[in-house]
Amino acid sequence: MLRAGVVAVQGDVSEHADAIERAARLHGEDVEIVEIRQSGLVPDCDLLLLPGGESTTISRLLHSEGIAAEIRAHVDAGKPVLATCAGLIVASTDAKDDRVDPLGILDVTVDRNAFGRQKDSFEAPLDVDGLAEPFPAVFIRAPLIDDAGDVAVLARWDGDPVAVRDGPVVGTSFHPELTDDVRIHRLAFFASSEAPVEAE
């Protein structure tokens, strides 16, 4: 039984939990979901998810609750993390915002809300390295990766990186949990790198 931690201080916790459970089933894995709101839980997790929400709030709570250091140790141990939207901002090395104390687990610089306000949200078919078919990416007040350091760029939109991998960490500007397609969760947590992830 795998233990999957979803950082639950804010964001789409239940949607991500459902996606992880479906992705695990498709790979023959049993998974227990743990909602993380305090320190002491991350060290027992096999995989970890940093959801969207408000990045300044998430960052403040991760540090005040002692969770930030545990997330860094999780990555140092080679355990996988999926960071989406605001989670990507928090995971970055530079959020270009003094209100965010980034974790530094993704070697990227991000521009918060670069894709505009809530009304500028959109969905687009996205070619993602490691997926056999385009992914229906949902962008909501999405951050822009304006400097990708030593990372693998998995997807671009209008020439800009919107999905990256840095060792065991995958970060996306978009919200994969807001679709019925769990291939991003499969790619981050369960998929072999030898073959592209097919749709269900």
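Residues numbered from 1 in each chain as written. Predicted model: local features only at pLDDT ≥ 70, side-chain atom pairs only at ≥ 80, totals over all residues. Heavy atoms only, no water.

An unreviewed UniProt entry lists the protein under the name Pyridoxal 5'-phosphate synthase subunit PdxT, from Halogranum salarium B-1. Recorded under Subunit (unreviewed entry), the UniProt text for the protein is reproduced unchanged: "In the presence of PdxS, forms a dodecamer of heterodimers. Only shows activity in the heterodimer." You can read under Pathway (unreviewed entry) in the UniProt record for the protein the words "Cofactor biosynthesis; pyridoxal 5'-phosphate biosynthesis." (UniProt positions renumbered as here; feature names shortened; annotations may be inferred.)

Trainee: What is the right way to read the UniProt feature "binding site: L-glutamine" (unreviewed entry) in the protein from this model?
Mentor: According to UniProt, the feature "binding site: L-glutamine" (unreviewed entry) maps to Gly-53, Glu-54, Ser-55, Arg-112, Ile-140 and Arg-141 in the numbering used here. Taking the farthest pair of C-alpha atoms as the criterion, the annotated set spanning 89 residues converges on one region, since that pair is 13.3 Å apart. Residue placement: Ser-55 occurs in helix α2 (residues 55-64). Excluding its chain neighbours within four sequence positions, the residues that come into contact with Ser-55 are Ala-86, Ile-89, Val-90, Val-100 and Arg-112. Judged by its relative accessible area of 38%, Arg-141 falls in the partly exposed class. (Helix = DSSP H or I, 4+ residues; strand = E, 2+ residues; numbered from the N terminus. Contact = heavy atoms within 4.5 Å. Buried < 20%, exposed > 50% of the residue type's maximum accessible area, 1.4 Å probe, protein only.)

Trainee: What am I meant to see in the sheet that holds strand β6 (residues 106-111) here?
Mentor: The strands making up a sheet associate through backbone hydrogen bonding, with each pair oriented either parallel or antiparallel. One open sheet accounts for three strands, arranged β5-β6-β9; its pairing is mixed. In this open sheet, the two strands that pair with only one neighbour each are β5 (92-94) and β9 (144-148). Each strand axis lies, on average, 55 degrees off the axis of its neighbour in the sheet, ignoring direction. Two elements, β5 and β6, share two bridges in a ladder whose sense is parallel. (Pairing = 2+ DSSP bridges. Axes fitted to C-alpha atoms, helices over the stretch in contact; angles between N-to-C directions.)

Trainee: What's the story with unusual backbone geometry in this structure? I'm lost.
Mentor: A negative phi holds for most residues other than glycine; trans holds for most peptide bonds. Of note, Cys-85 is a non-glycine position whose phi angle comes to about 55 degrees, a positive value. Mapped onto the elements of the fold, Cys-85 is located in the loop between β4 (81-84) and α4 (86-91). Of note, Asp-158 is a non-glycine position whose phi angle comes to about 55 degrees, a positive value. Tracing the sequence through the fold places Asp-158 in the loop between β10 (152-157) and β11 (160-166).

Trainee: Honestly, the environment of Phe-189 in this entry has me stumped. Any pointers?
Mentor: One can find Phe-189 in helix α5 (residues 183-189). Here Phe-189 falls in the buried class, since its relative accessible area comes to 11%. Between the C-alpha atom of Phe-189 and that of Leu-48, which follows or precedes it by 141 residues, the distance is 8.9 Å. Leaving out residues up to four positions away in the same chain, Phe-189 has contacts with Ile-20, Leu-47, Leu-48, Leu-49, Pro-80, Val-81 and Leu-82.

Trainee: Help me understand the UniProt feature "active site" (unreviewed entry) in the protein in this model?
Mentor: As annotated in UniProt, the feature "active site" (unreviewed entry) corresponds to Cys-85, His-175 and Glu-177 in the numbering used here. What stands out for the annotated residues spanning 93 residues is how close their C-alpha atoms remain, the widest pair being 10.8 Å apart. Secondary-structure assignment places His-175 in the loop between β12 (169-172) and α5. Counting through the fold element by element, Glu-177 comes out in the loop between β12 and α5. A distance of 3.2 Å separates the side chain of Glu-177 from the side chain of His-16, its partner in a polar contact. (Polar contact = N/O pair within 3.5 Å; in protein donor to acceptor, adjacent residues only side chain to side chain.)

Trainee: Looking at this model, I keep getting lost on α2. Mind explaining?
Mentor: The α-helix advances 3.6 residues per turn, and as a result positions three or four apart in sequence lie on the same side. Turning to α2, its buried residues are Ser-55, Thr-56, Ile-58, Ser-59 and Leu-62. What you see down the axis of α2 is that its buried residues fit within an arc of 165 degrees, all on one side. Relative to its buried face, α2 has exposed residues pointing more than 90 degrees away, namely Arg-60 and Ser-64. Where α2 is buried, its residues meet β1 (2-7), β3 (47-50), α3 (67-76) and α4. Just downstream of α2 lies Gly-66, where phi reads positive at about 80 degrees. (Arc of directions from axis to C-beta.)

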